[in-house]
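# Architecture at a glance
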Amino acid sequence: MAANVHDAAPVAHHFNNLQQQHDAIRLGIWLFLVTEVLFFGGAMCAYTAYRIWFPKEFEAGSAALNVGIASVNTFLLLASSLTVTLAVRACYDGQQKLVQFWLGVTIILGSLFLALKAREYYLDFEEGLVPSRKLVSPQQSSMIGEGAALAAPKYAFVQSLERALHHAGYPTEGVDLFRVQLFFMFYYILTGLHVIHMLVGIGLLGWQFFLAKFGFFRYPARYIYIEVLSVYWHFVDMVWIFLLPLLYLAGPHHFGQVISGLQQAFGLSQ
Amino acid sequence: MNKTIPELDYTPQMVPYPEPTPAEDKNRVHYLNVSDTVWSWLFTLDHKRIGILYLVSVSIFFVFGGIAAALVRTNLLTPTGAILELDQYNKAFTAHGTIMLFLFLIPVIPGVLGNFFVPMMIGAKDMAFPKLNLLSWYVYMAGAMFFVWQLFVGGLDTGWTLYPPYTSQYSHTNVLYAGLGIFITGFSSILTAVNIIATVHKMRCPGMTWSRLPLFVWAMYATSLIQLLGTPVLAVTVLMLATERLFGIGIFDPTLEGDPLLFQHLFWFYSHPAVYIMILPGFGVISEVIPCFSRKNIFGYHAIAWASVGIAVVGFLVWGHHMYIAGQGFYLGMVFSTLTMLVAVPSAIKVFNWVATMYRGSIHFAPPMSFAIAFLFLFTIGGLTGLHLGVLGTDIHLHDTYFVVAHFHFVMVGGMLVAWLAGLHYYWPKMTGRMYNTFWANVAAIVVCVGFFLTFAPQFILGYNGMPRRYPHYPEEFQILNILSTAGASIQAIGFTMPAIYLLGSLVFGRPAGNNPWHATGLEWQVPSPPPPHNFEQIPIVYYPPYEYSIPNGLKHVVIHSLNGNGVHSSDITPKHQEVTSGS
Amino acid sequence: MFNDFQLPLTPPRASSFAYEYDLLFWYISLVVLLGGGLTIATMIYFCFRYAAKSEPAQTPRLLGSTSIEVTWTLIPFLFFASFFVWGVRIYSNKISAPIDVPEYYVVGKQWMWKIQHPTGQREINELHLPLNRTVRITGTSEDVIHDFAIPAFRSKFDVVPGRYVTTWYHPTKVGKYHIFCDQYCGMGHSQMVGTVIVMNPSDYDAWLQGLHVSEEGKNPVDGSASWEGKKLFLKLQCNACHNADGVGRAPQLAGIYMQRRPLQGGRDVLADDAYLRESIRDPMAKIVDGWKPIMPAYPRSQVSEEELLNLVAYIRSLRNANDLPKRYDRYPAPVGAPGAPTDEGGLTRE
């Protein structure tokens, strides 16, 4: 489009011209993202199989998650997708300072996401919502005599989950609480993979911020590199858009939970 | 008969039969001598050098896998295990399977010949992403190192198929480290695939339309599609298995209402297409070798090209044929069996086309052709016995017996490994500039073929008689066939050692090969051997279809012309009326 | 007729399914041999006929032929389709096990096969079957995935923990045949082999009648004392009165161990091992308050000391009411087998 975009930038030796180089780079990142789709897709497939088999347990597990943090995180990620695109545009228009600015904002938004996610993981650990086979000591039955049954030892996870679901006002009859651990395993795997991808993305954003500082993007034609990163970032965002309904919206929720979740996140509730 | 010989749709330029190669110019700069520091090799961005790096590493891992195979076969000489304890045998066959599959068969042709020749075959100066190419080799080495290291600190005894609950809860071996190794090498596969697809799409020289691509490039393209789509699923499956092993929460644990069959579905979703990753590049090599040494056009170019893509696509739909008796259900089994019958057809088409290429050809029995003929013989047998296994009823008895072992060795070793040797012998003069002793190479081809057949043909009988896989001890009545099999394995071992000797010997004693020792068509044969660092001094323009061996006096695939560097998009060139202009 | 024809180097055909199977197997093999042989023979012929002469030859520029391609696509595909159809037929035949035939239970565990007859006999790694009688086999696993394979019957099925798999055999030939484990399961995978012994009906009945039955409670791999005790509990029909249904004329036994039991006449007693033993040997000695004295005695002739220990172990293990058997529970199958025969014909319980 702009006449200055496609000249004056160095072309790699094995490409004939800049257009070919850009085309190849774009194709490359999209091909890589196809593999990422399959990667998350495999885990989501396994998740879906179990969700179909144990719908009640997965609803219960979802009810115990912190939708407040998830909601804010969604907005943060969507906003960061916007800002990274603005960075691409800024490079295209030749405004280096603006490139740095938008890249910086994206990094900040992404880091806020990760901070909230870390807080959410911390709260989960604190509440004991971690899959394990640890048992808590059984309560002694107060009845003795004929037919008195000894209470079976309870799983620590089941105890924590009961507490969390009670707090969320979710009824637990007919739900095999032990099996909800399967949901939580998928929760940690899927969100954990997402976090790793975000860390890589933020790392690359930081690298490009650093490059921008030293004038790498003075050639407008080098927008392609920010575009490649922005495509990756949009993908990470898309994965989150899939994870949100799969994990957080599997069970019924109401707006009050968003508020109480946020209160919990900032330590404002008991 | 005249009906089948089409009119030429372009005016062929009469080019005299290739001149004898001029004497080797010792001062010529090529990719091997342009720099010779270790640094320049380990940090090279030249796809050809990366190909050589792969060649060295896969060969080393092939030796490891071969040693494991030798241990397995030697142990099977007696019904109660000749040299190994039970758990050692389990580790040996697991090592053999995992090393040969993940560290050899999957990366060998894409890593060596794909990296080296795909850019040259399409007239490009390098792959689309040279740094990614180097990264893919390092990632491969990192994963392989993890993998080999765990072999030396206890090994893995789960079989390459890693089925839970055994792998997740019962095995006391290095599942996590091996899984990490597999996970990492998977990324190497993905990166190579991204590179090849982007290169083939975006970096073809002017005139190189899709219908003029050599069939090796089509095969590599199809392989890359499979690598791209299938490998991530294995990665995430291994990840879930590792999580299961670490936390024991029941993703695949039936006592916690998990499903072990879910693992099998996810695992085979990759591992079946994986076998097509292994064999398609071999098909590509055979498609190059047979026309050259029959001096005849390939018969059915489009059929073979589309068959490659067809195998890639349908190959993703047949994974359940590994699970017919695992309990996946009758209707699912029917679906997979139907699709398996369907996927068998393109391979058959290819074999017929190759044989038809030889019809009325002028066949030269150079070593690549000897290996290609061995391939046709062995792969046909292997592919056809797959039918016994793909049909629901017959698989009941044959599942997990030596019949399966014989089948997949016929297609993977008799098919893929022999095709790799054909490719290695075909391209060795181009890669190294040296010609090896063709007599001994032909002998090696025969030794490999005979040894291989002796090793694995008895195993069909063993399998039909019910001898199970992965058995260190077996009933006495199976001993004779096992001894035959091991004898064949020793002959094979000799057959595989011979190329190591004469090929490496050629580096010292071989005569210079010249540009085109086989008088082949193809852009890669138009440049000197070994090729210059940037492949082509001038960007080629392609006017003609590939494999034009049948034109009188032998026509070259291309006429190389200089351009003024601005690059002409390939769609701008029309085949028929373009005048061949002299350089500008 | 063909059933008696046996090629050398082939396994014996000892079941009705084996015969059907071999017909299909050899049909496929024949077609494959002919087709593959034709292709390979053609190739070898071309190698000789079209070997290069000395000077560079002129070869015809044959680029392809759509009609030939279509032909050699369709013909193989039609053959493959015939394989598929026939294969589906025999496969569906194999997995639809008939319902009202004797059912045997197979439980695989590292590294042995535990087999139970419908009449209660238990075997380890051996399966005695009568000739010419159709039988159902239901299998499961206690730990990892195994596979119960009998090559002479041309049959195998994966036994997956947590699932039941059913198939059927109709043995047609007397003899001893291999049982193999055909899914890798660890160190003892190759040790997990056994023998199917097909016997004439009269021999089989004799065998069943106890000439070869292993003694109850004496076989060291039968399981724990409480397990043996449970078997005896059911065999002796103790659950007619002491059961989980509460339809009782007898006290609930769950959780009574080491509790104080109130007796008729005002005093109470600690329900320890000795008390339990006495309650079985001599129930009239101490009668619990509120219950009628109707329990029969079980002297040493009926229940040996060792068996009594097992019974006591079992009663000690009862914690809550659900642990007790139900009123109509029968003599139990090995661990993991279902309590009653299933009646779907599929390979899996979906």
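Residues numbered from 1 in each chain as written. Chains lettered and ligands numbered in written order. Predicted model: local features only at pLDDT ≥ 70, side-chain atom pairs only at ≥ 80, totals over all residues. Heavy atoms only, no water.

For the rest of this paragraph, the subject is the overall build of chain B. Counting secondary structure elements, chain B contains 16 helices and four strands. Split into buried and exposed, the 584 residues of chain B put 69% on the buried side. The long-range fraction of contacts in chain B, counting pairs at least 24 apart against all pairs at least 6 apart in sequence, stands at 81%. With the model as given, the accessible surface of chain B reaches about 18,800 Å², and the carbon-plus-sulfur share is 67%. (Helix = DSSP H or I, 4+ residues; strand = E, 2+ residues; numbered from the N terminus. Buried < 20%, exposed > 50% of the residue type's maximum accessible area, 1.4 Å probe, protein only. Contact = heavy atoms within 4.5 Å. Areas by Shrake-Rupley, 256 points an atom, 1.4 Å probe, with all protein chains shown as cover.)

Moving on to the interface of chain B and chain C. Taken together, the contacts link 97 residues of chain B with 80 residues of chain C. Around 7,700 Å² of area is buried between chain B and chain C when both sides are counted, 70% of it from carbon and sulfur atoms. Three residues stand out in chain B for area buried against chain C, namely Ile 396, Tyr 464 and Tyr 471 of chain B, and they jointly supply 9% of the buried area on that side. Where chain B meets chain C, there are one salt bridge. A salt bridge links Arg 61 of chain C to Glu 548 of chain B; the nearest nitrogen and oxygen atoms lie 2.7 Å apart. At the level of elements, helix 3 (86-105), helix 6 (166-170), helix 9 (260-294), helix 10 (301-314), helix 11 (330-358), helix 12 (367-390), helix 13 (392-398) and helix 15 (438-464) of chain B are the ones that each hand at least two residues to the side of chain B that touches chain C. The element contributing the most residues to the side of chain B that touches chain C is helix 11 of chain B, with 15 residues. When the residues that make up the side of chain B that touches chain C are grouped by side-chain class, the tally is 57 nonpolar, 29 polar and 11 charged. (Buried area = accessible area lost by both parts, 1.4 Å probe. Salt bridge = Lys/Arg side-chain N within 4 Å of Asp/Glu carboxyl O. Nonpolar A, V, L, I, M, F, W, Y, C, P; charged D, E, K, R; others polar.)

Under the criterion given, the structure shown has zero disulfides over all chains. The thiol of Cys 181 of chain C is unpaired, and the distance to the nearest cysteine sulfur, on Cys 185 of chain C, comes to 3.7 Å. (Disulfide = S-S within 2.5 Å.)

Right, let's talk about the nonpolar core for a bit. Ranked by internal contacts, the top residues of the largest apolar core, which has 293 residues, are Phe 184 of chain A together with Leu 113, Trp 354, Phe 375, Trp 420 and Tyr 426 of chain B. Ranked by the residues each element gives to this core, the list is headed by helix 9 of chain B, at 20 residues. Two domains each put at least three residues into this core: domain 1 (18-125 + 181-265) and domain 2 (132-170) of chain A. Other than its neighbours up to four places away in sequence, Leu 113 of chain B contacts Val 108, Val 118, Phe 216, Val 285, Trp 420, Gly 423, Tyr 427 and Met 431 of chain B. Judged by nonpolar contacts, the second largest core, of 49 residues, contains Leu 76, Tyr 89, Ala 92 and Phe 478 of chain B. (Core = buried A, V, L, I, M, F, W, Y, C linked by side-chain atoms within 4.5 Å. Domains from an automatic or database assignment.)

For the rest of this paragraph, the subject is the confidence of the model for chain B. All names here are of chain B. For chain B, per-residue confidence averages 88 on the pLDDT scale, and residues scoring 70 or more make up 90% of the total. Below pLDDT 50 for its whole length, residues 1-6 participates in 11 contacts with residues either more than four positions away or in separate chains. Here the prediction assigns the complex a pTM of 0.83, and the interface score ipTM is 0.88. (pLDDT = per-residue confidence, 0-100.)

With that settled, consider the sheet that holds strand 6 (residues 146-150) of chain C. Residues and elements named next belong to chain C. Ordered in space as 4-10-9-6-7, the five strands form an open sheet in which the pairing is mixed. Single-partner strands in this sheet number two, and they are strand 4 (126-130) and strand 7 (155-159). If you compare each strand with its neighbour and ignore which way they point, the axes differ by 20° on average. Strand direction decides the pairing type here: strand 9 (residues 175-181) and strand 10 (residues 194-199), joined by five bridges, are antiparallel. For Lys 176, the partnering residue across the bridge sits in strand 10 and is Ile 197. (Pairing = 2+ DSSP bridges. Axes fitted to C-alpha atoms, helices over the stretch in contact; angles between N-to-C directions.)

Turning our eyes to something else, we now look at the domain arrangement of chain A. All names here are of chain A. For chain A, the domain assignment lists domain 1 (18-125 + 181-265) and domain 2 (132-170). Using C-alpha coordinates to define each centre, domain 1 is positioned 38 Å away from domain 2. Facing the nine residues of domain 1 at the interface are seven residues of domain 2. Regarding the contact of domain 1 and domain 2, the summed buried area is about 710 Å², with carbon and sulfur atoms giving 66% of it. Counting across the interface, domain 1 meets domain 2 through zero salt bridges. At the boundary of domain 1 and domain 2, one finds one residue pair in polar contact (both at pLDDT 80 or more). Ranked by the residues each element gives to the side of domain 1 that touches domain 2, the list is headed by helix 2 (residues 55-63), at four residues. Among the residues forming the side of domain 1 that touches domain 2, the class breakdown is five nonpolar, two polar and two charged. (Polar contact = N/O pair within 3.5 Å; in protein donor to acceptor, adjacent residues only side chain to side chain.)

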